[in-house]
Amino acid sequence: MNESMMGKELTALVIGGGPAGIEAALKIACGGYRVVLVEKESEPGGLLRKLYSSFPRWENPSDRIGWMVDDLKRNKQIEISLESTVESVARTDNGFNVTLKNTATGGARTIDVQAVVLATGFGLMDLSAYGEYGHGIYPGVLNSLEFEERLREWSRGLGKAPKAVALIQCVGSRDRSKGYPYCSKVCCMYSAKQAGVVKDLFPEAKVYVFYIDCRAAGKGYEEFLREVIEKKHVRYVRGRPAKVLPDGGRLLVRAEDTLIGIPVEFTADVVVLAAAVVPHPETAALAKMFGAPVDEYGFIDHDLRSHAKCADRVFFAGGCGFAVDTESALSQGAAAAAEVIALFNGNG
Ligand SMILES: Cc1cc2nc3c(=O)[nH]c(=O)nc-3n(C[C@H](O)[C@H](O)[C@H](O)COP(=O)(O)OP(=O)(O)OC[C@H]3O[C@@H](n4cnc5c(N)ncnc54)[C@H](O)[C@@H]3O)c2cc1C
Ligand code: SF4
């Protein structure tokens with residue numbers, strides 16, 4: 001006999017309303033179970049709401065997430081709790097007593113849930129460790145997420161058109177001295193996308209990408225990168241710039257082209273830093289409340305027997321586990337939902 005047949009209506013709590021959390025919520029609801037989705041912002045959608053375009057198909061990410069949010073809001077099995085987060089958790093015999101806090105009103109309420117999906121996503125590292133690039137000092141130096149907003153403004157005709165843009169990859173990532181030895185996986189692709197968008201908006205602009213390696217492993221990714229280089233004429237320079245300096249209202253990027261072994265200088269209006277992907281600081285605290293393990297960086301770790309399970313009745317999906325592209329976040333959301341449904345059906 002499954003848990004619902006024992007006379008109790010089963011509810012899953014999904015924490016985080018980005019693509020991973022929304023996909024998990026929609027699929028659990030499809031399975032016939034109730035969902036409470038908690039999102040700390042005033043709108044669901046996660047990072048996709050902030051992106052201007054997306055690899056590998058140059059789609060408008062707001063369209064895609066907009067359709068998902070519409071489905072979410074229409075679904076009667078799903079209750080959405082915005083501007084809310086988890087304040088405390090107590091384990092019960094078959095689940096959890098979870099106290100949710102509304103950060104706008106300060107109000108709190110406690111709900112009973114029988115499974116949890118953590119889907120809190122990732123953020124970008126604080127770039128103050130890279131004083132040599134001047135983020136936070138020179139207004140033209142932006143991190144990749146800030147640059148998505150700049151692209152959006154440019155596309156609306158706002159702001160001054162750039163004559164030149166430099167994008168620097170692997171900032172923080174693969175740098176043991178800064179504590180992020182891993183590859184952040186998505187930044188080669190989103191840097192290529194951003195460089196390509198600049199050329200679409202301003203065909204006369206010079207666009208340079210400084211790279212160490214180009215990692216484009218995914219369906220259509222290599223072709224996307226080739227299109228950016230060969231059809232949109234973005235220049236790729238192999239080398240990590242040593243310094244960004246102010247230069248008469250513009251920015252001077254100093255680097256070494258390591259393929260030909262000569263120093264290069266490039267003057268740009270905007271310098272974009274592809275900062276290392278990091279977990280949100282509250283993810284580790286949430287994981288602890290639910291008894292889920294985190295790795296040395298604070299990303300959620302999975303149970304060896306399942307890639308979506310991290311503790312008894314606790315599952316996770318998307319960027320809170322590590323850097324993911326949107327397709328993977330969606331697949332992981334669906335996988336977490338399948339685990340919850342199997343548990344509720346008595347097969348988990
Ligand atoms: C600059 C940049 C460009 C990118 N471009 C692309 C692209 O072109 N194509 C592509 O495939 N991928 C791209 N990505 C990756 C894409 O953004 C991610 O794959 C996707 O957003 C991951 O979804 P997610 O649901 O795991 O996390 P998120 O989208 O980050 O969503 C997590 C949600 O959880 C909420 N949350 C966090 N903590 C709490 C809490 N404690 N309580 C309640 N809610 C909480 C957040 O507010 C957020 O809404 C890009 C990423 C960046 C940084
Ligand atoms: S994905 Fe590319 S830019 Fe990002 S850390 Fe890995 S190699 Fe560097």
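Provided above is the structure to which this section pertains.
Now for a quick tour of the structure.

About the criteria used
Residues numbered from 1 in each chain as written. Chains lettered and ligands numbered in written order. Predicted model: local features only at pLDDT ≥ 70, side-chain atom pairs only at ≥ 80, totals over all residues. Heavy atoms only, no water. Helix = DSSP H or I, 4+ residues; strand = E, 2+ residues; numbered from the N terminus. Contact = heavy atoms within 4.5 Å. Near = heavy atom within 4 Å. Polar contact = N/O pair within 3.5 Å; in protein donor to acceptor, adjacent residues only side chain to side chain. Areas by Shrake-Rupley, 256 points an atom, 1.4 Å probe, with all protein chains shown as cover. Nonpolar A, V, L, I, M, F, W, Y, C, P; charged D, E, K, R; others polar. Domains from an automatic or database assignment. Core = buried A, V, L, I, M, F, W, Y, C linked by side-chain atoms within 4.5 Å. Buried < 20%, exposed > 50% of the residue type's maximum accessible area, 1.4 Å probe, protein only. Pairing = 2+ DSSP bridges. Axes fitted to C-alpha atoms, helices over the stretch in contact; angles between N-to-C directions.

1. Details of the environment of E87
Here E87 lies in strand β4 (residues 84-92). It is 9.6 Å that separates the C-alpha atoms of E87 and T110, two residues lying 23 residues apart in sequence. Setting aside its immediate chain neighbours within four residues, E87 contacts T99, L100, K101 and M289.

2. Some thoughts on the site of ligand 1
Near ligand 1 there are 35 residues, and of these E39, F55, G319, V324 and T326 occur at the shortest range. At 2.9 Å, a backbone N or O of L47 approaches an oxygen atom of ligand 1. Between ligand 1 and K193 there is a distance of 2.9 Å, counted from a nitrogen atom to a side-chain nitrogen or oxygen. For ligand 1, the protein covers 97% of the area, taking 1000 Å² as the surface of the free molecule. The set of elements that each furnish at least two residues to the shell around ligand 1 consists of α1 (19-30), β4, α3 (144-155), α4 (187-201), α6 (281-289) and α7 (326-344). It is α3 that contributes the most residues to the shell around ligand 1, three residues altogether. When grouped by side-chain class, the residues that make up the shell around ligand 1 number 14 nonpolar, 14 polar and seven charged. For the shell around ligand 1, the domains that each give at least three residues are domain 1 (4-121 + 280-344) and domain 2 (125-277).

3. Let's talk about the nonpolar core
In this structure, I28, F147, V198, F210 and V271 are the most contacted members of the largest nonpolar core, which totals 93 residues. Here this core takes eight residues from α7, the largest share from any one element. Taken domain by domain, the makeup of this core includes at least three residues from each of domain 1 (4-121 + 280-344) and domain 2 (125-277). Every residue in contact with I28, bar those within four places of it in the chain, is listed here: A12, V14, Y33, R34, V35, V117, A337, V340 and I341. In this structure, V36, L100, I300 and C320 belong to the second largest nonpolar core, which totals 22 residues.

4. Description of the sheet that holds strand β18 (residues 309-311)
One open sheet holds the six strands; their spatial order is β3-β2-β1-β7-β19-β18, and the pairing between them is mixed. Each of the sheet's edge strands pairs with one partner strand only, and the pair in question is β3 (78-81) and β18. Here the average twist between neighbouring strands, direction ignored, is 25°. Bridging between strand β1 (residues 11-15) and strand β2 (residues 34-38) involves five bridges; their strand directions are parallel. Residue L13 lies in a different strand from β2, and its bridge partner there is V36. Across the sheet, α1 touches β1, β2, β3 and β7 (115-118), and the angle it forms with β2 is around 165°.

5. A word on the pairing of strand β14 (residues 250-257)
Examined bridge by bridge, strand β13 (residues 243-247) and β14 share five bridges and lie antiparallel to one another. Its bridge partner lying in β14, L245 is registered against L252. As consecutive antiparallel partners, β13 and β14 are separated by two residues, and within that stretch G248 has a phi angle of approximately 55°, a positive value. Pairing analysis gives seven bridges linking β14 to strand β15 (residues 262-268), with the strands arranged antiparallel. Within β15, the residue paired with D257 across the bridge is I262. Hairpin connection of β14 to β15: four residues between the antiparallel strands, including G261 at a positive phi of 70°.

Honestly, it's all geometry; don't read function into it.
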